[in-house]
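One-letter residues, chain by chain:
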Amino acid sequence: NHNGTIHASRRDDKTIKLWNVATGQCINTLQGHTSIVRRVTIAPNDKILVSGSSDSSVKIWDIYTGTCLKTLDEHKDSIFSIAFSYQRHIIASGSKDKIIKICDINTGECIKNLIGHNDTIGSLALSKDGKTLFSGSNDRTIKVWSVDNGECLQTIKAHNSIIREIDLNSKQ
């Protein structure tokens with residue numbers, strides 16, 4: 001998490017474990033996915049965790065109670081990437097179905113589908129203000145998207161292999 005007290009790990013046994021960094025003790029095990037958990041991320045507010053799974057769902061969890069607050073079943077295949085902007089109350093998820101879904105954290109409603117990649121979307125990163133999304137795909141491209149209108153602003157074809165991870169500096 002962002003204050004460094006809780007660490008989350010995903011497991012092939014369909015669970016997520018939350019760890020106390022200071023003590024090394026497992027403080028909770030989150031259960032609810034029906035297949036391998038592929039991605040976890042903790043919100044900047046340190047209160048919720050978002051997970052994506054091969055069961056094609058995205059789940060929003062309360063870190064402190066371990067309760068699943070919402071399940072988003074918008075994708076048709078495995079989730080490989082998640083990014084979110086707590087400031088804008090949105091989650092972006094990328095999948096093997098080649099679609100990026102932008103969903104409202106509070107309602108769970110899908111508000112945009114970003115279509116343009118030709119293969120699995122393996123990495124997502126949102127700008128600090130939540131207005132620009134960067135996606136990396138197995139199609140070997142990075143795309144830059146406007147979150148507001150869903151338009152692809154730029155396609156970068158700079159790699160000769162799969163894009164595994166995208167990260168932005170804290171000023172973006």
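Thresholds applied
Residues numbered from 1 in each chain as written. Predicted model: local features only at pLDDT ≥ 70, side-chain atom pairs only at ≥ 80, totals over all residues. Heavy atoms only, no water. Helix = DSSP H or I, 4+ residues; strand = E, 2+ residues; numbered from the N terminus. Buried < 20%, exposed > 50% of the residue type's maximum accessible area, 1.4 Å probe, protein only. Contact = heavy atoms within 4.5 Å. Lys, Arg positive; Asp, Glu negative; His and termini not counted. Charge placed at Lys NZ, Arg CZ, Asp CG, Glu CD. Pairing = 2+ DSSP bridges. Axes fitted to C-alpha atoms, helices over the stretch in contact; angles between N-to-C directions.

Trainee: Give a description of the overall build of the protein that names residues and reports values.
Mentor: Within the protein, the regular secondary structure consists of zero helices and 15 strands. Projected onto its principal axes, the C-alpha coordinates of the protein cover approximately 45 × 35 × 35 Å. The proportion of buried residues among the 172 residues of the protein is 46%. Put simply, 35% of the contacts in the protein that link residues at least 6 apart link residues at least 24 apart. Side-chain charges of the protein comprise 22 positive and 18 negative groups, with the mean position of each set lying 3 Å from the other.

Trainee: How would you explain the environment of leucine 72 if you had to name every residue and give the values?
Mentor: Turning to its location among the elements, leucine 72 is positioned in strand β7 (residues 68–72). Residues leucine 72 and serine 85 lie 13 residues apart in sequence; the distance between their C-alpha atoms is 16 Å. Ignoring anything within four residues of it in the chain, the contact list for leucine 72 reads Ser56, Ser57, Val58, Ile60, Ile91, Cys103 and Gly108.

Trainee: Quick rundown of the sheet that holds strand β10 (residues 99–104)? Include the residues and the values.
Mentor: Pairing within the open sheet is antiparallel, and its four strands lie in the order β8-β9-β10-β11. Pairing within the sheet leaves two strands with one partner each, and these edge strands are β8 (79–85) and β11 (110–115). With strand direction ignored, the average angle separating the axes of adjacent strands in the sheet is 20°. As paired strands, β8 and strand β9 (residues 90–95) are joined by six bridges and run antiparallel to one another. Of the residues in β9, the one forming a bridge with isoleucine 82 is serine 93.

Trainee: Residue-level account of the pairing of β8, with values.
Mentor: The buried count for β8 comes to six of seven residues, which makes it a mostly enclosed element. Where β8 folds back onto β9 in an antiparallel hairpin, the turn is made up of four residues, including histidine 89, whose phi is positive at roughly 60°.

Trainee: Any chance you could break down the side chain of serine 56 for me, citing the residues and the numbers?
Mentor: With respect to the helices and strands, the residue serine 56 is situated in the loop between β5 (48–53) and β6 (58–62). Relative accessible area serves as the criterion here: at 16%, serine 56 is assigned to the buried category. Apart from the residues lying within four places of it in its own chain, the contact partners of serine 56 are Leu72, His75, Lys76, Asp77, Ser78 and Ile79.

Worth remembering: the numbers are spatial, not functional.
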